[in-house]
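Listed here are the chains, written in short residue letters.
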Amino acid sequence: FNSITSQRNAGIVNHNLGGNLQKISSGMRINNAADDAAGLAIANSLSADYNALSQAVRNANDGIGIVQIADGAFSRMGDMLSRASTLATQAASDTIGDNERRMIDTEFQQILEEIDRVIDTTNFKGERLFSDNETVNKSLYVGDTHIQSTIDLSIGGVSGSGTEAMGLDGTSLRTASDAQSTLSRLQDAIGNVSQWRGVLGAQHNRLENSINIIQVQSQNILAAESAIRDTNMAEEMSRFTNNKILLQSSMATIAQSNATSAMVLSLFGK
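A. Main features of the environment of Arg 101. When you line up the elements, Arg 101 lands in helix H3 (residues 98-121). By relative accessible area, which is 5% here, Arg 101 ends up buried. Along the sequence, Arg 101 and Arg 174 sit 73 residues apart, while their C-alpha atoms lie 5.4 Å from each other.

B. Just the pairing of strand S3 (residues 136-141), in detail. Of the two faces of S3, the one holding Val 136, Lys 138 and Leu 140 is buried and the one holding Asn 137, Ser 139 and Tyr 141 is not buried anywhere. Both S3 and strand S4 (residues 150-155) contribute to a ladder of 6 bridges, which runs antiparallel. What sits directly across from Lys 138, in S4, is Leu 153.

C. Quick peek at the environment of Ser 194. Structurally, Ser 194 can be placed in helix H5 (residues 176-229). On the basis of relative accessibility, which here comes to 46%, the residue Ser 194 falls in the partly exposed class. On a C-alpha basis, the gap between Ser 194 and Phe 74 in space is 8.2 Å, while along the polypeptide they are 120 residues apart.

D. Spotlight on the packing of aromatic side chains. Scanning all chains against the criterion turns up 2 aromatic pairs. Ring centres 5.1 Å apart and planes at 45° place the aromatic pair Phe 74 and Phe 130 in the tilted group. Residue Phe 74 is located in helix H2 (residues 37-91), and its partner Phe 130 is located in the loop between strand S2 (127-128) and S3; the two are separated by 56 residues in the primary sequence. Of the two residues examined, Phe 74 and Phe 130, each falls in the buried class. When the centroid spacing of 5.4 Å and the interplanar angle of 35° are considered together, the rings of Phe 74 and Trp 196 count as tilted. Of the two residues, Phe 74 sits in helix H2 while Trp 196 sits in helix H5, which places them 122 residues apart along the sequence. Trp 196 sits in the buried class, given a relative accessible area of 12%. Among the aromatic residues, those joined into a cluster by ring pairs are Phe 74, Phe 130 and Trp 196.

E. How the structure looks around the nonpolar core. Of all hydrophobic cores here, the largest spans 53 residues; its most connected members are Met 77 and Met 166. Mapped onto this core, the elements with two or more residues apiece are H2, H3, S3, S4 and H5. Considering each element in turn, this core owes the most residues, 20 residues, to H2. Beyond its immediate chain neighbours, meaning those up to four positions away, Met 166 contacts Met 77, Leu 81, Ile 115, Ile 119, Arg 185, Ala 189, Val 193 and Trp 196.

F. Quick peek at unusual backbone geometry. Positioned with a positive phi, Lys 125 is a non-glycine residue whose angle comes to about 55°. Structurally, Lys 125 can be placed in the loop between strand S1 (123-124) and S2. Of the residues examined, Lys 125 reaches a relative accessible area of 71% and is grouped as exposed.

G. The pattern of salt bridges, seen in detail. Counted according to the given criterion, the structure contains 10 salt bridges. In this structure, Glu 107 and Arg 83 form a salt bridge, with 2.9 Å as the shortest nitrogen-oxygen distance. Here the residue Glu 107 occupies a position in helix H3, and Arg 83 occupies one in helix H2, the gap between them amounting to 24 residues. Residue Glu 107 is classed as partly exposed on the basis of its relative accessible area, which comes to 32%. Across the pair Arg 101 and Asp 94 runs a salt bridge, and its minimum N-O distance is 3.7 Å.

Cut-offs used in this document
Residues numbered from 1 in each chain as written. Predicted model: local features only at pLDDT ≥ 70, side-chain atom pairs only at ≥ 80, totals over all residues. Heavy atoms only, no water. Helix = DSSP H or I, 4+ residues; strand = E, 2+ residues; numbered from the N terminus. Buried < 20%, exposed > 50% of the residue type's maximum accessible area, 1.4 Å probe, protein only. Pairing = 2+ DSSP bridges. Phe/Tyr/Trp six-rings, centres within 6.5 Å; stacked < 30°, edge-to-face > 60°. Core = buried A, V, L, I, M, F, W, Y, C linked by side-chain atoms within 4.5 Å. Contact = heavy atoms within 4.5 Å. Salt bridge = Lys/Arg side-chain N within 4 Å of Asp/Glu carboxyl O.

Rendered as structure tokens:
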């Protein structure tokens, strides 16, 4: 009886020892559902949220990329409009002749054509950022698996061709009066570009703030998952040592029980 009891106890301890080794070697407290079914469900839910938020950060970074591309285009347009304003100021003066104005107007028209080209070709992964008809809107998903959340980007103001968008269609610098009229329209165009860039800058700042908030949330979720799923090495090593001692004790008890039984049988043999 003593031997059977010791063998049963040894089997239990050996099973527990195997569990200790699995947790220590894997570094995970939960290796299968039997270890902690409720904890596994919670940990898996937290893991899904963490992965979703990691993608949300990438989505927001894509949004920043869109904003930076659009802002870069506006920046170049601003530089070109500044140069056009200089040319218009020069052409508005009576100190130059008609031939010189024609040369100035040639450069001015090239600037307008380049503005058209920038508006027509600025894109993010092949999709134009300046629409011919309306404001370009992008909805960025930055939520997790439980709460839906989006940030809307708006790249507006530029519709139609560049000269139409800037209010510069039909302008020229061929005469002093034309140049003076164009100069006023150029100032309006420069103001519009500055306004559009201001909107993009505000959206850029919002996206960066959102990324920082999401990253803090992700870190906290990862820490919560780790507290549930990961092994407490100090505690598990203590249990492993305890079970190892119990197993050795059980094996010694089994050996002692077998030896005692053999002695009794030997007495009958005599």
